[in-house]
Amino acid sequence: MTLQLILMRHAKSSWDDPVAADFDRPLNGRGRRSAKALGQWLRQRGWLPDRVLCSSARRTRETLDGLRLEAGVEYLDALYHAGEEEMLACLRRAGGTRVLMIGHNPGIAGFAAQIVSAPPSHPRFAVYPTGATLVAGFSAETWAQANWDEANTLDFVVPRDLPGM
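Residues numbered from 1 in each chain as written. Predicted model: local features only at pLDDT ≥ 70, side-chain atom pairs only at ≥ 80, totals over all residues. Heavy atoms only, no water.

Caption draft 1: The arrangement of the sheet that holds strand S3 (residues 72-76) in detail. Within the open sheet, the six strands sit side by side as S3-S2-S4-S1-S5-S6. Their pairing is mixed. What marks the edges here is a single partner per strand, and that holds for S3 and strand S6 (152-157). Averaged over all neighbouring strand pairs, the angle between strand axes comes to 15°, with direction disregarded. Here strand S1 (residues 3-9) pairs with strand S5 (residues 133-138) via six bridges, running antiparallel. Bridging across to S5, leucine 5 finds its partner in alanine 136. Running over the sheet, helix H1 (residues 29-45) touches S1, S5 and S6 and is turned about 135° from S6. (Pairing = 2+ DSSP bridges. Helix = DSSP H or I, 4+ residues; strand = E, 2+ residues; numbered from the N terminus. Axes fitted to C-alpha atoms, helices over the stretch in contact; angles between N-to-C directions. Contact = heavy atoms within 4.5 Å.)

Here it is in structure tokens:
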């Protein structure tokens, strides 16, 4: 059995409300368009998750809604601004064989860099901009066995690479 992780940073959020708590920031118009485009990309490439681990912040939940996917979802407070170790701990508790994890920078960029044995050649991988999405394959039998530097990069995209963005 091959396990696959789809690691996505939330889409572009709005800073229009200066008194809104960070946790409650919604997506802006570009973010909503990006989420829809990313959902189409996932479907076209055949990267449909059977399980989703999503930060409980508003912008990650709205990103997931925009993807329009059908999968079991867990909203995790632990993924809100999680660091690399916390993200790995959440992944190790996951069910399913293709897991979509939606989170935030800077943790998600660090997690992506550490989980793959070789990064994609894309020039934006290191900064992991909003909407950046990595698909990585693991040879582990279970998520509990997932470790650093063991995943193979299968795909990577940022919203600006997609049609209409």
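Once you've had a look at it, read on.
Caption draft 2: Structural detail: the pairing of strand S2 (residues 51-55). With four of five residues buried, S2 lies mostly within the body of the structure. Relative to S3, S2 runs parallel, the two being bridged by five bridges. Looking at S3, one finds that valine 52 is bridged to valine 73. With helix H2 (residues 58-67) bridging S2 and its parallel neighbour S3, the resulting β-α-β unit is right-handed. Two elements, S2 and strand S4 (residues 98-103), share four bridges in a ladder whose sense is parallel. By the bridge assignment, cysteine 54 is partnered in S4 with isoleucine 102. (Buried < 20%, exposed > 50% of the residue type's maximum accessible area, 1.4 Å probe, protein only. Right-handed = clockwise from strand over helix to strand, strands pointing away.)

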